[in-house]
Amino acid sequence: MRILFYAKSPDATEVYRVQIPGRHLAKKPGIEIRMTYAEKHPKFPGSGVKNQDIQWADAIIFQRPATELVLNVLKIIKNNHPEKTILLDYDDDYYSVPTWNPGYTFIRVNEKFWPQFPALVDGIITSTEPLADVFR
């Protein structure tokens, strides 16, 4: 199985929710891993979605997707590659981010996009059972 991880950004959640699981999965026989960012980052040449990565993958995991760009990418993948398994990975309840949280502005700007993601995918990975209840 070939798994493609799309991290949100180069931060601690990428380490714990993409890099570490990816390294452990890669040790399993028959599993190959690729990791990159769904959105281009100037510090990481070659980041962003590429058709050859999509073609390569059996399963695609988007970490913390929330933006219109990633929503459009997801729609394209679903339309052009319906056989691909697509998962989302969340560690925050975007419905309940308090205004004092530094991420609130980001969530507020993208709030019309991120609720559309769950209906387009095969499954959602969450960090806690209460967060899983939110998505259920």
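So, a few notes on the structure that sits alongside this text. (Residues numbered from 1 in each chain as written. Predicted model: local features only at pLDDT ≥ 70, side-chain atom pairs only at ≥ 80, totals over all residues. Heavy atoms only, no water.)

### Some words on the side chain of Lys8
Argument step 1. Along the chain, the position of Lys8 falls in the loop between β1 (2-7) and α1 (12-26).
Argument step 2. Residue Lys8 is classed as buried on the basis of its relative accessible area, which comes to 16%.
Argument step 3. If near-sequence neighbours (up to four positions away) are discounted, Lys8 is found in contact with Tyr37, Glu39, His41, Gln63, Arg64, Thr67 and Phe106. (Helix = DSSP H or I, 4+ residues; strand = E, 2+ residues; numbered from the N terminus. Buried < 20%, exposed > 50% of the residue type's maximum accessible area, 1.4 Å probe, protein only. Contact = heavy atoms within 4.5 Å.)

### So, the packing of aromatic side chains
Geometry of an aromatic ring pair is reported as the spacing of the ring centres plus the angle between the planes.
Argument step 1. Under the definition given, this model contains six aromatic pairs.
Argument step 2. Aromatic rings pair up to connect Tyr90, Tyr94, Tyr95, Trp114 and Phe135 into one cluster.
Argument step 3. The ring of Trp56 has Arg34 sitting right over it, with the charged end atom 4.2 Å from the ring centre. (Phe/Tyr/Trp six-rings, centres within 6.5 Å; stacked < 30°, edge-to-face > 60°. Lys NZ or Arg CZ within 6 Å of the ring centre and 35° of its normal.)

### Focus: the sheet that holds strand β3 (residues 59-63)
Argument step 1. Pairing within the open sheet is parallel, and its five strands lie in the order β2-β1-β3-β4-β5. The open sheet is flanked by β2 (32-37) and β5 (123-126), the only strands paired with a single partner. Averaged over all pairs of adjacent strands, the angle between their axes in this sheet comes to 20 degrees, without regard to strand direction.
Argument step 2. Across five bridges, β3 lies against strand β4 (residues 85-90) in parallel orientation. Bridge pairing in β4 links Gln63 to Asp89.
Argument step 3. Contacts between helix α3 (residues 68-80) and the sheet are confined to β3 and β4, with β3 contributing the most and set at about 165 degrees to the helix. (Pairing = 2+ DSSP bridges. Axes fitted to C-alpha atoms, helices over the stretch in contact; angles between N-to-C directions.)

### As for unusual backbone geometry
Argument step 1. Not every positive phi belongs to a glycine, and Arg64 is a case in point at roughly 50 degrees.
Argument step 2. Tracing the sequence through the fold places Arg64 in the loop between β3 and α3.

### So, the environment of Arg23
Argument step 1. In this structure, Arg23 sits in helix α1.
Argument step 2. A relative accessible area of 46% places Arg23 in the partly exposed class.

### Describing α3
Argument step 1. If you check α3, its first and last C-alpha atoms are 18 Å apart, about what 13 residues at 1.5 Å a residue would give, namely 18 Å.
Argument step 2. Those residues of α3 not exposed but buried are Val70, Leu71, Val73, Leu74 and Ile77. Projected down its long axis, α3 carries its buried residues within an arc of 160 degrees, all on one side. Turned more than 90 degrees off the buried face of α3, the exposed positions are Asn79 and Asn80.
Argument step 3. Close packing links the buried residues of α3 with α2 (51-56), β3 and β4. (Expected span 1.5 Å × (residues − 1). Arc of directions from axis to C-beta.)

So yeah, pure geometry; function would need other evidence.
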